[in-house]
Amino acid sequence: MRNQQATNLLFELSRPGRRAHRLDDLDIDSPDVEHLIPDEHRADQPPPLPELAEGDVVRHFVGLSTLNMSVDTHFYPLGSCTMKYNPKRNERLASLPGILDVHPMQSEGTTQGLLALLYDLQNMLAEISGLPGVSLQPAAGAHGELTALLVAAAYFRDSGEDRKIVLTADSAHGTNPASAQMAGFKTKAVKSNADGLVDMDDLRAKLDDQTAVFMLTNPNTLGLFDSQIKEITDLVHQAGALIYLDGANMNAILGITRPGDFGADLMHFNPHKTFSGPHGGGGPGAGPICVRDFLAPYLPSPIVDKDDQGTYRLRRPDSSIGRVRSFFGNVGVLVRAYLYIRTYGGEGLRRVSEDALLGANYLLSKVKHIMDVPHGERCMHEFVASATKLKKQHGLSAMDLAKRILDYGFHAPTVYFPLVVDEAVMIEPTETESKETLDAFAEALFRITEEAGDLVHQAPHTTRISRPDDVTAARRPVLRWQPKSETD
Ligand SMILES: *Cc1c(COP(=O)(O)O)cnc(C)c1O
């Protein structure tokens, strides 16, 4: 049923004189403050703000919040994004006054508890990654990439080496080349081979004494662990360059292998993916980075340290690149990551990844019978199907699938990424979904392939807005904004 209060604008709900609260008239002399406001900012009339009762406002915003799909309301298999369940216990603990009410300007002496938590988190991430230097400051994965590349740039500058090229995989997230550009590097893409792994000949051809960093995602965005990883890291190190690991896919390998052990020199974590921080709607996330010991002196300032008396202190690394974020980063997300890691422990984290792999391979085994999965013998925590054949046979594109699946009560998978697969449909179930949910999702996909025509091309039919901006070839957007009462 339509929630009129959610879908009408506050301005439309407004009635003159309606109020949430009425204050008593002022019974003290009010100081004359009007002269403090410059003339050009004064108006004869107050601005036409909506006038509403408190209940109207609450219903409006709560209603709006229910128009969206979320992990709490729907299966959300958004490949690469690891949309897993966010334990409510972590929300409650992160909201304890001792954590929530700490002010970033408080002194070290009055924030020892929170600093201890952040210090422990640094150590836990160092252990999980196999890389000892940690900065919690970056505010998102992409920001972690940029920060780590600035660390690499500072390292090469100090070593007197003029290395200006960053290599990225052609299956990489768009943030990889973007971060490299922002850090002042030029980028070159390394091709994938027919198996969806790094094309070693292309890597050899592009690697030289100009190469600063090779940015690699492993397991990669096709959901495949690159079995050539040892050869890749040896090759890159022989050329004097560094290996950056895009850690967005850490949910596949927690406690099973460590980037530091397979040759990475720098990496970021996405706690809002791997460690269940709530995300979506633009954040906030976090993007802590881990680096080898010889890169640690360049980390952003400050990091949390512990002195001989056991007091936690903020320290500026010797050759720090400086600050990349105010204060200590998005501490609320970091607290949730800490709680998540502490709750599971080492064995538990390994189980998380093993279950994520099991769920993804189970779903893969079903989806294979519905759509092509080009590299789909086995997968890690996610896999990439292709709608190319469905498009040829039934006129059904990846976009059609993504839109129609909403009507079945599922969030869409990631589509058209990675770019190396035509009509890509990238599915990541995560370890927090049941077999029944995965079965129902596969069943829905299958049913869509049996549907046809406008039912699919004009989907979704159950949402407030259908296809606002993706004007695909020969189709106009279908807008059902009007009339307001009859549809859905
Ligand atoms: C999500 C993601 C990023 C970027 O992380 P943000 O936290 O969204 O900035 C980078 N690489 C890959 C492979 C990702 O999935």
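Quick caveat: nothing in here was measured; it's all calculated off a predicted structure. (Residues numbered from 1 in each chain as written. Predicted model: local features only at pLDDT ≥ 70, side-chain atom pairs only at ≥ 80, totals over all residues. Heavy atoms only, no water.)

Colleague: Please provide a residue-by-residue account of the sheet that holds strand β1 (residues 133-135), values included.
Modeller: Taken in spatial order, the 7 strands of this open sheet run β1-β7-β6-β5-β4-β2-β3, and their pairing is mixed. Where the open sheet ends on each side, the last strands, each with one partner, are β1 and β3 (186-190). Direction aside, neighbouring strands of the sheet carry axes that sit 20° apart on average. Where β1 lies against strand β7 (residues 289-291), 3 bridges are found, and the strand directions are antiparallel. (Pairing = 2+ DSSP bridges. Helix = DSSP H or I, 4+ residues; strand = E, 2+ residues; numbered from the N terminus. Axes fitted to C-alpha atoms, helices over the stretch in contact; angles between N-to-C directions.)

Colleague: Give a detailed account of the environment of I465, specifying residues and quantitative values.
Modeller: Structurally, I465 can be placed in the segment after α16 (454-457). Exposure remark for I465: the relative accessible area of 36% places this residue in the partly exposed category. Along the sequence, I465 and L67 sit 398 residues apart, while their C-alpha atoms lie 10.0 Å from each other. (Buried < 20%, exposed > 50% of the residue type's maximum accessible area, 1.4 Å probe, protein only.)

Colleague: Which residues make up the packing of helix α7 (residues 141-158) against helix α8 (residues 175-182), and what values go with them?
Modeller: At a minimum axis separation of 9 Å, α7 and α8 run at an interaxial angle of 40°. The pairing of α7 with α8 is recorded here as oblique in orientation. Both α7 and α8 take part in a crossing whose hand is right-handed. Where α7 approaches α8, its residues A142, E145, L146 and L149 are matched on the opposing element by T175, N176, S179, A180 and M182. Of the residues belonging to the contact of α7 with α8, the class tally is 5 nonpolar, 3 polar and 1 charged. (Parallel < 35°, antiparallel > 145°, perpendicular 65-115°, else oblique. Left-handed = near helix turned anticlockwise from the far one by under 90°. Contact = heavy atoms within 4.5 Å. Nonpolar A, V, L, I, M, F, W, Y, C, P; charged D, E, K, R; others polar.)

Colleague: Quick one: what's the story with the UniProt feature "modified residue: N6-(pyridoxal phosphate)lysine" (unreviewed entry) in the chain, residue by residue and with numbers?
Modeller: In the UniProt entry, the feature "modified residue: N6-(pyridoxal phosphate)lysine" (unreviewed entry) is given for K273. A relative accessible area of 10% places K273 in the buried class. In this view, K273 contacts S80, C81, T82, K84, A248 and H279; residues no more than four positions away in its chain are not counted. (UniProt positions renumbered as here; feature names shortened; annotations may be inferred.)

Colleague: Report on the sheet that holds strand β10 (residues 383-386), specifying residues and quantitative values.
Modeller: Reading across from one edge, β10-β12-β11 is the order of the 3 strands in this open sheet, with antiparallel pairing throughout. On the outer flanks of this sheet lie β10 and β11 (414-415), each paired with one strand and no other. In this structure, β10 lies alongside strand β12 (residues 424-427), joined through 4 bridges in antiparallel fashion. Paired with V384 across the two strands is M426, which belongs to β12. Contacting β10 and β12, helix α12 (residues 331-367) runs over the sheet at an angle of about 15° to β10.

Colleague: Which residues make up the side chain of N176, and what values do they have?
Modeller: In this structure, N176 sits in helix α8. A distance of 3.1 Å separates polar atoms of two side chains, one belonging to N176 and the other to D246. For N176, the residues in contact, after removing those within four places along its chain, are E145, T168, M215, T217 and D246. (Polar contact = N/O pair within 3.5 Å; in protein donor to acceptor, adjacent residues only side chain to side chain.)

Colleague: Quick rundown of the pattern of salt bridges? Include the residues and the values.
Modeller: Side-chain pairs of opposite charge can arise where the charged atoms are in close proximity. What the rule picks out here adds up to 26 salt bridges. The salt bridge involving K164 is made with D162; its shortest N-O contact spans 3.0 Å. You can call K164 partly exposed: its relative accessible area is 41%. Judged by relative accessible area, which is 49%, D162 ranks as partly exposed. Measuring nitrogen to oxygen at the nearest pair gives 3.3 Å for the salt bridge that ties E231 to R204. Note that E231 is positioned in helix α10 (residues 229-238) and R204 in helix α9 (residues 200-206), a separation of 27 residues in sequence. Several salt bridges share partner residues, and in doing so they unite E108, D307 and R313 into one network. (Salt bridge = Lys/Arg side-chain N within 4 Å of Asp/Glu carboxyl O.)

Colleague: Talk me through the pairing of β3; I want residue IDs and the actual numbers.
Modeller: If a strand is regular, its side chains alternate between the two faces of the sheet. Bridging between strand β2 (residues 165-169) and β3 involves 5 bridges; their strand directions are parallel. Its bridge partner lying in β3, L167 is registered against K188. Taken together, β2, α8 and β3 constitute a β-α-β crossover, and its handedness is right-handed. (Right-handed = clockwise from strand over helix to strand, strands pointing away.)

Colleague: Explain the pairing of β2 residue by residue, including any values.
Modeller: Burial analysis of β2 places 5 of its 5 residues in the buried class, which makes it a mostly covered element. Where burial is concerned, the two faces of β2 agree: the one with I165, L167 and A169 and the one with V166 and T168 are both buried. Where β2 and strand β4 (residues 211-216) come together, 4 bridges link them in parallel fashion. Residue pairing for β4: L167 is matched across the bridge by F214.

Colleague: Residues and numbers for the site of the ligand, please.
Modeller: Close to the ligand lie S80, A140, G141, A142, E145, H173, T175, D246, A248, N270, H272 and K273, which account for all nearby residues. Take D246: an N or O atom from its side chain is 2.6 Å from a nitrogen atom of the ligand. In the model, an oxygen atom of the ligand is placed 2.8 Å from a nitrogen or oxygen of the K273 side chain. Starting from 380 Å² of accessible surface for the ligand in isolation, the protein chains cover 87%. Of all the elements, α7 adds the most residues to the shell around the ligand, at 3 residues. (Near = heavy atom within 4 Å. Areas by Shrake-Rupley, 256 points an atom, 1.4 Å probe, with all protein chains shown as cover.)

Colleague: How would you sum up α12? Please name residues and give values.
Modeller: What sets the pattern is the α-helix's 3.6 residues per turn: residues three or four places apart point alike. Compared with an ideal rise of 1.5 Å per residue, which puts 37 residues at 54 Å, α12 spans 39 Å between its outermost C-alpha atoms and falls more than 12% short. Of all the bends in α12, the greatest measures close to 100° and is centred on G345. (Expected span 1.5 Å × (residues − 1). Bend = angle between axes of the 7 residues up to and from the residue.)

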